[in-house]
Amino acid sequence: MKKIIIAIDGYSATGKSTLAKGLAKKLNYIYVDSGAMYRAVALYALRNKLVSDNHQIKVHELINSLNKIDIRFVFNPQKYTSETYLNNENVEREIRTPLVSDIVSKISSIKEVRKFLVQKQREYGKEKGIVMDGRDIGTNVFPDAELKLFVITDMDVRVKRRLDELHSKGIYVTDDEVKHNLEERDYLDIHRKENPLVQAKDAIVIDTTDLDRDQQLEYVLKLINDLKLLKE
Ligand code: DC
């Protein structure tokens, strides 16, 4: 069977990663959460005092430190999921905290940070057989991906899904805090100069508002089949 690249883009908390993980498991593909890579750089910046109290980033210092940042994904067989490692430490939980969420859009708007991570992301895709989710995967990281999906969902459902995800990780915040963070990040993701979030011209839009995770997965697997994407 032919191996392909599946690029999934969309706003935060639209269910991209759940869909991407489900597809990767079903097709026996690698799953790469590109947002986790931006979050790991944000965590590095926080830990190394490259972010001031009012969330200003010491951009030049961060750029000069990029060569000290090693990001990997290690498969956890118990949870059947990949976890993010920053310089050999499992940071999967810490990169999801509100503190990281608050600064990650600023970090991801730095051109050099994007260049550094996009290069790593393209390395992962060399052998194909990969599902990657993010904001610029179909437009910039893999413009030739065989399948590009653009996921959309109503805001109230996004807030609920993000709250559930955070609660499952033992992180407790209010609905308003989550909504405010999502709106702020949407704005920054759409308006940043470097590879903003836009729908690729050849992307297929999926509205997941009324679809549970099994229905989403079924829908995309049918699409792959109907489009004969895995046929040699
Ligand atoms: O998917 P997420 O919410 O974990 O992503 C975290 C941040 O990283 C998000 O605010 C935008 C940024 N990001 C990006 O700019 N490009 C990507 N390919 C993935 C994420």
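Not measured: the values here are computed from a predicted model.

The rules we used
- Residues numbered from 1 in each chain as written.
- Predicted model: local features only at pLDDT ≥ 70, side-chain atom pairs only at ≥ 80, totals over all residues.
- Heavy atoms only, no water.
- Axes fitted to C-alpha atoms, helices over the stretch in contact; angles between N-to-C directions.
- Helix = DSSP H or I, 4+ residues; strand = E, 2+ residues; numbered from the N terminus.
- Parallel < 35°, antiparallel > 145°, perpendicular 65-115°, else oblique.
- Contact = heavy atoms within 4.5 Å.
- Nonpolar A, V, L, I, M, F, W, Y, C, P; charged D, E, K, R; others polar.
- Patch = residues over 30% accessible without salt bridge, like charges linked within 9 Å, V, L, I, M, F, W, Y side chains within 5 Å.
- Areas by Shrake-Rupley, 256 points an atom, 1.4 Å probe, with all protein chains shown as cover.
- Salt bridge = Lys/Arg side-chain N within 4 Å of Asp/Glu carboxyl O.
- Lys, Arg positive; Asp, Glu negative; His and termini not counted.
- Charge placed at Lys NZ, Arg CZ, Asp CG, Glu CD.
- Core = buried A, V, L, I, M, F, W, Y, C linked by side-chain atoms within 4.5 Å.
- Buried < 20%, exposed > 50% of the residue type's maximum accessible area, 1.4 Å probe, protein only.
- Pairing = 2+ DSSP bridges.
- Phe/Tyr/Trp six-rings, centres within 6.5 Å; stacked < 30°, edge-to-face > 60°.

J.: For this particular structure, what's the right way to read the packing of helix H4 (residues 98-108) against helix H8 (residues 175-191)?
T.: Packed helices, taken two at a time, are described by their axes: the angle between them and the distance between them. Their axes nearest at 9 Å, the elements H4 and H8 cross at an angle of 10°. By the criterion of interaxial angle, the relationship of H4 to H8 is roughly parallel. Contact residues: H4 offers Ser101, Asp102, Val104 and Ser105, while H8 offers Asn181, Arg185, Leu188 and Asp189. In the contact of H4 with H8, the residues fall into 2 nonpolar, 3 polar and 3 charged.

J.: Whenever I open this one, a negative patch on the surface confuses me. Can you help?
T.: Residues Asp102, Asp175, Asp176, Glu177 and Glu184 make up a contiguous surface patch of negative charge. If you tally residues by element for the negative patch, the top one is H8, at 4 residues. You can see Glu177 is positioned in helix H8.

J.: Please clarify how the nonpolar core should be interpreted in this entry.
T.: Nonpolar side chains tend toward joint burial in soluble globular proteins. Counting residues in each nonpolar core, the largest one holds 38 residues, and the members touching the most others are Val41, Leu62, Ile69, Ile71, Ile107, Val113 and Leu117. In terms of residues, this core owes the most to one element, helix H2 (residues 34-47), which gives 9 residues. Excluding residues within four positions of it along the chain, Ile69 makes contact with Val41, Tyr44, Leu86, Asn87 and Phe116. Listed in part, the 21 residues of the second largest apolar core include Ile4, Leu23, Leu27 and Leu230.

J.: Explanation requested: the environment of Asn87 in the structure shown.
T.: Of note, Asn87 is situated in the loop between strand E4 (81-86) and strand E5 (89-90). Of the residues examined, Asn87 reaches a relative accessible area of 34% and is grouped as partly exposed. The spatial distance from the C-alpha of Asn87 to the C-alpha of Leu19 is 28 Å, given a sequence separation of 68 residues. Residues in contact with Asn87, not counting those within four places in the same chain, are Tyr44, Lys68, Ile69 and Asp70.

J.: Sorry, what's going on with the sheet that holds strand E2 (residues 30-33) here?
T.: In a beta sheet, neighbouring strands pair by backbone hydrogen bonds and run either parallel or antiparallel. The strand order E2-E6-E1-E7-E8 describes an open sheet built from 5 strands, whose pairing is parallel. Since the sheet does not close on itself, it has two edges, and those belong to E2 and strand E8 (204-207), each with one partner. When the angles between neighbouring strand axes are averaged without regard to direction, this sheet yields 20°. For strand E7 (residues 147-152) and E8, the ladder comprises 4 bridges, and the chain directions are parallel.

J.: Looking at this structure, how should I read the pattern of salt bridges?
T.: Here the idea is simple: oppositely charged side chains can pair when their charged atoms come close. Evaluation of the coordinates by the stated rule reveals 17 salt bridges. Residue Lys169 is joined to Glu165 by a salt bridge in which the shortest nitrogen-to-oxygen separation is 3.8 Å. Relative accessible area serves as the criterion here: at 27%, Lys169 is assigned to the partly exposed category. With relative accessibility at 26%, the residue Glu165 sits in the partly exposed group.

J.: I'm lost on the packing of aromatic side chains in this one. Help?
T.: Aromatic rings in a pair are described by how distant their centres are and how their planes are angled relative to each other. Under the counting rule described, the total for this entry stands at 3 aromatic pairs. Here Phe73 and Tyr124 contribute two aromatic rings whose centre-to-centre distance is 6.1 Å and whose plane-to-plane angle is 55°, an arrangement assigned as tilted. Of this pair, Phe73 sits in strand E3 (residues 71-76) while Tyr124 sits in helix H5 (residues 111-124), placing them 51 residues apart in sequence. Using a relative accessible area of 18% as the deciding quantity, one classes Phe73 as buried. Given a relative accessible area of 26%, Tyr124 falls into the partly exposed group. Measuring from ring centre to ring centre gives 5.1 Å for Phe75 and Tyr80, while their planes differ by 90°; the resulting arrangement is edge-to-face.

Function-wise, these values are silent; they only describe arrangement.
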